[in-house]
Amino acid sequence: MSQLGATRYGKAEVRIVRIGRGEAPDGGDLIRDRTVSTALSGDLADCYLAGDNRNVLATDTQKNTAFAFAQRLGDGEPERLAIELARHFVSSQPSITRARVGVLEHDWTRVGTAPHSFVRDARATRSTVVVHDGAHGTSVLGGVQDLVLLNTTDSEFWGFPREEYTTLAETQDRVLATEVSAQWRFRSDDIDWAGAYRGALDALTTAFATTYSYSLQQTLHAMGVAVLDAVPSVCEVRLTLPNRHHYLVDLAPFGQDNKHEVFHAGDRPYGLIEGEVIADDAPDAGVAWS
């Protein structure tokens, strides 16, 4: 005996580039470069069990809807695009009770004063996830990916348990580097999205830079607290911080003294630190993270 469990389906990684011609304050162009993914849930059991597609909104239709909404909403923030898409799918399809829409924003910066020339900004990727549920309403998550941070010093790691398999040396001075993936949950679905993103990103980077670190776990907590303090519209922060290890190279065989100058940047394996920081008055998460 078996039964069908939770399901969802959708269109993954729809690349949408919208050029706002003449929409910059100086009359130049603007670019919104996004990757949109949709996932729908609801009364879909007959499709999975019997191949009955009467309740299945084609994934190609979902793709086309994303293109149409991108044009209609113009230079709107990614959160607004995701909210409008998610609500549309649930309200327009009787069989769909929940929609999850994710948006990755790839930033471009104007080249000097050239009105039509851009360079891809590789600093980080802005992320947005919206879940709209017919019964529970709308939940919005902001975030960032691919944010690489490094402190050349002001980091230690010592005092950990030593047993028969421990070979790691304690250190009072190390390079601390990570590639941040962070998501933050908003208290509502109507705020200053652009301002919140800028505030959260600045809080993350400033906390990393100013926290004297005794562990990456301690740094993670400081970064989460900083976002909550800087952006009152955020009530919860989840962080994933891989430890991008930098190993001091032994130059003694070459008659050289390596005074914390030359390192080998290790690829893998790596430590992976994850955690969440939640405001004391955070509302129930509902379906936000699902």
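In the block above lies the structure referred to throughout.
Residues numbered from 1 in each chain as written. Predicted model: local features only at pLDDT ≥ 70, side-chain atom pairs only at ≥ 80, totals over all residues. Heavy atoms only, no water.

Chemist: Lay out the sheet that holds strand β12 (residues 271–278) in plain terms, naming residues and giving numbers.
Modeler: Spatially, eight strands are ordered β1-β2-β3-β6-β7-β8-β9-β12 in an open sheet, and the strand pairing comes out antiparallel. Each edge of the open sheet is held by one strand with a lone partner, namely β1 (14–20) and β12. Strand-to-strand, the axes of this sheet are offset by a mean angle of 20°, without reference to chain direction. In terms of strand pairing, strand β9 (residues 234–243) meets β12 through eight bridges, oriented antiparallel. Bridging across to β12, Thr240 finds its partner in Glu274. The sheet strands contacting helix α2 (residues 59–73) are β1 and β2 (30–42), and the helix crosses β1 at an angle near 20°. (Pairing = 2+ DSSP bridges. Helix = DSSP H or I, 4+ residues; strand = E, 2+ residues; numbered from the N terminus. Axes fitted to C-alpha atoms, helices over the stretch in contact; angles between N-to-C directions. Contact = heavy atoms within 4.5 Å.)

Chemist: I'd love a proper account of the packing of α2 against helix α3 (residues 78–92), names of residues and values included.
Modeler: Running from amino to carboxyl end, α2 crosses α3 at an angle of 130°, the nearest separation of the two axes being 10 Å. Overall, the two elements α2 and α3 adopt an arrangement that is oblique. Note on packing geometry: the crossing formed by α2 with α3 is right-handed. Taken together, the residues of α3 that come into contact with α2 (itself represented by Gln62, Thr65, Ala66, Phe69, Ala70 and Leu73) are Arg80, Leu81, Glu84, Leu85, His88 and Phe89. Class assignment for the residues of the contact of α2 with α3 results in seven nonpolar, three polar and two charged. (Parallel < 35°, antiparallel > 145°, perpendicular 65-115°, else oblique. Left-handed = near helix turned anticlockwise from the far one by under 90°. Nonpolar A, V, L, I, M, F, W, Y, C, P; charged D, E, K, R; others polar.)

Chemist: Could you give an account of unusual backbone geometry, with specific residues and numbers?
Modeler: With an omega of 0°, the peptide bond running from Arg268 to Pro269 counts as cis. Of note in the backbone geometry, Glu13 takes a positive phi value of approximately 55° without being a glycine. Checked against the element boundaries, Glu13 lands in the segment before β1. Backbone geometry at Asp146 places phi at a positive 60°, although glycine is not the residue there.

Chemist: Run through α2, naming residues and quoting values.
Modeler: Given a rise of 1.5 Å per residue, 15 residues ought to cover 21 Å, and the 21 Å separating the end C-alpha atoms of α2 matches this to within 8%. For α2, the secondary structure elements touched by its buried residues are β1, β2 and α3. Where α2 terminates, the next one or two residues include Gly74, which has phi positive at roughly 65°. (Expected span 1.5 Å × (residues − 1).)

Chemist: How would you sum up helix α5 (residues 216–230)? Please name residues and give values.
Modeler: End to end, α5 covers 21 Å across 15 residues, agreeing with the expected 21 Å (1.5 Å per residue, within 8%). Regarding α5, the residues found buried are Leu216, Thr219, Leu220, Met223, Gly224, Ala226, Val227 and Leu228. Where α5 is buried, its residues touch β7 (137–151), β8 (176–186), α4 (193–210), β9 and β12. (Buried < 20%, exposed > 50% of the residue type's maximum accessible area, 1.4 Å probe, protein only.)

Chemist: Got a sec to walk through the side chain of Ser233? Specific residues and values, please.
Modeler: Mapping Ser233 onto the fold places it in the loop between α5 and β9. Exposure remark for Ser233: the relative accessible area of 19% places this residue in the buried category. Other than its neighbours up to four places away in sequence, Ser233 contacts Arg185, Phe186, Arg187, Ile191 and Ala196.

Chemist: I'd love a proper account of the packing of aromatic side chains, names of residues and values included.
Modeler: Evaluation of the coordinates by the stated rule reveals four aromatic pairs. Measuring from ring centre to ring centre gives 5.0 Å for Phe186 and Trp193, while their planes differ by 80°; the resulting arrangement is edge-to-face. By relative accessible area, which is 6% here, Phe186 ends up buried. Here the basic side chain of Arg72 rests over the ring of Phe69, its NZ or CZ set 4.5 Å away from the ring centre. (Phe/Tyr/Trp six-rings, centres within 6.5 Å; stacked < 30°, edge-to-face > 60°. Lys NZ or Arg CZ within 6 Å of the ring centre and 35° of its normal.)

Chemist: Before we move on, could you go through a nonpolar patch on the surface and cite the residues and values that matter?
Modeler: Taken together, Leu4, Tyr48 and Leu49 make up a surface patch of nonpolar side chains, about 300 Å² in accessible area. Of note, Tyr48 is situated in helix α1 (residues 45–50). Under the relative-accessibility criterion, Tyr48 is labelled partly exposed at 37%. (Patch = residues over 30% accessible without salt bridge, like charges linked within 9 Å, V, L, I, M, F, W, Y side chains within 5 Å. Areas by Shrake-Rupley, 256 points an atom, 1.4 Å probe, with all protein chains shown as cover. Salt bridge = Lys/Arg side-chain N within 4 Å of Asp/Glu carboxyl O.)

Chemist: Talk me through the pairing of strand β6 (residues 125–133); I want residue IDs and the actual numbers.
Modeler: It is a general feature of regular strands that their side chains alternate between the two faces of the sheet. The buried fraction of β6 amounts to nine of the nine residues, a majority that puts the element mostly inside the structure. Alignment of strand β3 (residues 96–106) against β6, held across eight bridges, turns out to be antiparallel. Bridge pairing in β6 links Val103 to Thr128. Here β6 pairs with β7 via nine bridges, running antiparallel. For Val130, the partnering residue across the bridge sits in β7 and is Val140. Linking β6 back to β7 in an antiparallel pair, the connection comprises three residues.

Chemist: Lay out the nonpolar core with the relevant residues and their values.
Modeler: In this structure, Val144, Trp184 and Met223 are the most contacted members of the largest nonpolar core, which totals 55 residues. The leading source of residues in this core is α4, at nine residues. Those residues in contact with Trp184 that sit more than four places away from it in its chain are Val140, Leu141, Gly142, Gly143, Val144, Tyr197, Ala200, Leu204, Val234, Glu236 and Val237. Judged by nonpolar contacts, the second largest core, of five residues, contains Val129, Leu141, Val287 and Ala288. (Core = buried A, V, L, I, M, F, W, Y, C linked by side-chain atoms within 4.5 Å.)

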